[in-house]
Amino acid sequence: MTDVQLNHRYLAACAIAREAGRLIRLRFEQRGEALTHKFKGPQDYLTETDAEVERLIAARIAESFPDDDFFGEEGGGSFGRDVWIVDPIDGTADFARGVPHFCVSIAFVRDGRTEIGVLYDPMLDELFAARRGAGATLNGVPIKVSTIADIGQSVVELGWSSRIPFEGFATVQGRLQALGAGVKRRGSGALGIAYVAMGRQDAYCELHINSWDAAAAVLLVEEAGGWANDFLTPECLRSGNRVIVCTPALREQIERAMDI
Ligand code: IPD
Ligand code: CA
């Protein structure tokens, strides 16, 4: 794939994320039906808007790149050499409960490697975008991870889901707090990782997260000078993986805390 073709995809990802974000925001403000939710599993929310937004994104990608594969959190899809991995709303639980903290996440993956990662938070009008080798930006302005090296001064977000037993989460949380980290958990893994890329927090870790939640955001951290584990393994595309991203200085301590 040429640089021009990749750049075409990068610009398309940014435009589609913004369009999808406008739809999410409209539905959020309409409340009612759009926020009515079901559960896919324990604490795993689903609204009609998730599927509606994913259909919009899939249609836009198919119009412009009919030969690329597509995989979305809600509708699934297929994985080929060139595949778009999409989470229409990351932070669905907050969206459904009326909390304005969620985003759309779009990754373009070639030969198993994330080349493009774009997130859009429609409530704050924040577009995070990265192209491998070309840096990461927030609304067009380059971003960098924080320079915090003392874990006692750090903010670490530790995500959880009901996909894995809670004991592991409790162990990691205890270790991080014993080290003096300010441990948080918000409701969007994708935004949590993006916040590391731009220095609002210093690490994000979770013992299991899916590729559609984190692939785009992990590239942001790598391109913003941070450290990330080898997240997008071949198995991760379908079944997820643990994720650790942080400032380079915190790597050793965060990795040890996550070593279970
Ligand atoms: C979830 C969020 C959450 C993370 C979970 C994800 P969803 O995605 O990213 O912060 O901890 O692992 O499943 O359900 O909001 O799309
Ligand atoms: Ca998600």
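Predicted model only: the values in this text are computed from it and were never measured. (Residues numbered from 1 in each chain as written. Chains lettered and ligands numbered in written order. Predicted model: local features only at pLDDT ≥ 70, side-chain atom pairs only at ≥ 80, totals over all residues. Heavy atoms only, no water.)

Undergrad: Help me understand the coordination of the calcium ion (ligand 2) in this model?
TA: Around the calcium ion (ligand 2), the protein supplies Glu73 (OE), Asp87 (OD), Asp90 (OD) and Asp213 (OD) as donor atoms, at distances of 1.9 to 3.1 Å. Taken together, the 6 donor atoms surrounding the calcium ion (ligand 2) define angles of 61 to 159 degrees at the centre, an arrangement classified as irregular. Motif for the calcium ion (ligand 2), donor spacing along one chain: E-x13-D-x2-D-x122-D. Taken individually, Asp87 and Asp90 each receive the classification buried, so the pair is uniform in this respect. (Donors = N, O, S within 2.8 Å, 3.2 Å for Na, K, Ca; no water. Tetrahedral: all angles 85-135°; square planar, octahedral: opposite > 155°, others 65-115°. Buried < 20%, exposed > 50% of the residue type's maximum accessible area, 1.4 Å probe, protein only.)

Undergrad: Honestly, the sheet that holds strand β9 (residues 136-138) in this entry has me stumped. Any pointers?
TA: Where strands meet in a sheet, backbone hydrogen bonds hold them as pairs that are either parallel or antiparallel. An order of β4-β3-β5-β6-β7-β8-β9-β10 is seen for the 8 strands of this open sheet, with the pairing classed as mixed. Of all strands in the sheet, those with a lone pairing partner are β4 (76-77) and β10 (141-142), marking the two edges. Pairing of strand β3 (residues 69-72) with strand β5 (residues 82-90) involves 4 bridges; the strand directions are parallel. Opposite Asp69, over in β5, you have Val83 as the bridge partner. Along the sheet, helix α2 (residues 48-64) makes contact with β3, β4, β5 and β6 (103-110), crossing β5 at roughly 150 degrees. Running at roughly 100 degrees to strand β7 (residues 113-121), helix α6 (residues 211-223) makes contact with β3, β5, β6, β7, β8 (126-131) and β9 of the sheet. (Pairing = 2+ DSSP bridges. Helix = DSSP H or I, 4+ residues; strand = E, 2+ residues; numbered from the N terminus. Contact = heavy atoms within 4.5 Å. Axes fitted to C-alpha atoms, helices over the stretch in contact; angles between N-to-C directions.)

Undergrad: I would appreciate a short explanation of the sheet that holds strand β12 (residues 182-184) in the present structure.
TA: Read across the open sheet, the 5 strands follow the order β12-β11-β13-β15-β14; overall the sheet is mixed. Each of the sheet's edge strands pairs with one partner strand only, and the pair in question is β12 and β14 (227-228). With 4 bridges connecting them, strand β11 (residues 155-159) and strand β13 (residues 203-209) associate as parallel partners. From the neighbouring strand, Glu157 faces β13, where its bridge partner is Tyr204. Packed on one face of the sheet, helix α5 (residues 189-197) meets β11, β13 and β15 (241-246) and runs near 150 degrees to β13.

Undergrad: What's the story with unusual backbone geometry in this structure? I'm lost.
TA: Phi angles above zero are rare outside glycine, and Asp111 is one such case at about 50 degrees. If you trace the backbone, Asp111 turns up in the loop between β6 and β7. In the Ramachandran plot, Asp125 falls in the positive-phi region, its phi being about 50 degrees despite a non-glycine side chain. Within the secondary structure layout, Asp125 lies in the loop between β7 and β8.

Undergrad: Sorry, what's going on with the site of ligand 1 here?
TA: Near ligand 1 lie 18 residues; those nearest to it are Asp90, Gly91, Arg163, Gly189 and Glu206. A distance of 3.4 Å separates an oxygen atom of ligand 1 from a polar side-chain atom of Asp213. When isolated, ligand 1 has an accessible area of 380 Å², and the protein chains bury 93% of it. Of all elements in the fold, only β5 and β13 reach the threshold of two or more residues within the shell around ligand 1. (Near = heavy atom within 4 Å. Polar contact = N/O pair within 3.5 Å; in protein donor to acceptor, adjacent residues only side chain to side chain. Areas by Shrake-Rupley, 256 points an atom, 1.4 Å probe, with all protein chains shown as cover.)

Undergrad: Sorry, what's going on with the packing of helix α1 (residues 3-30) against α2 here?
TA: Packed helix pairs are characterised by how far apart their axes lie and by the angle those axes make with each other. Where α1 contacts α2, the two axes come as close as 10 Å, and the packing angle between them is 160 degrees. Taken together, the axes of α1 and α2 are roughly antiparallel relative to one another. As α1 packs across α2, the resulting crossing turns out to be right-handed. Contact residues: Ile16, Glu19, Ala20, Leu23, Ile24 and Arg27 in α1; Thr49, Glu52, Val53, Leu56, Ile57, Arg60 and Ile61 in α2. Taken together, the residues of the contact of α1 with α2 sort by class into 8 nonpolar, 1 polar and 4 charged. (Parallel < 35°, antiparallel > 145°, perpendicular 65-115°, else oblique. Left-handed = near helix turned anticlockwise from the far one by under 90°. Nonpolar A, V, L, I, M, F, W, Y, C, P; charged D, E, K, R; others polar.)

Undergrad: Can you walk me through the packing of α5 against α6 in this structure?
TA: Axis separation between α5 and α6 bottoms out at 8 Å; the angle between their running directions is 0 degrees. Taken together, the axis directions place α5 and α6 in an arrangement best described as roughly parallel. Residue-level contacts link Ala190, Ile193, Ala194, Val196 and Ala197 of α5 to Asp213, Ala214, Ala217, Val218, Leu220 and Val221 of α6. Residue composition of the contact of α5 with α6, grouped by class: 10 nonpolar, no polar and 1 charged.

Undergrad: Is there a simple way to explain α1 in this structure?
TA: Given 3.6 residues per turn, any residue in an α-helix points the same way as the ones three and four places further on. Counted at 1.5 Å a residue, the expected span for α1 with its 28 residues is 40 Å, and the 41 Å between its end C-alpha atoms agrees. Arg31 sits one or two positions beyond α1 and adopts a positive phi of about 55 degrees. (Expected span 1.5 Å × (residues − 1).)

The values are spatial; any link to function lies outside them.
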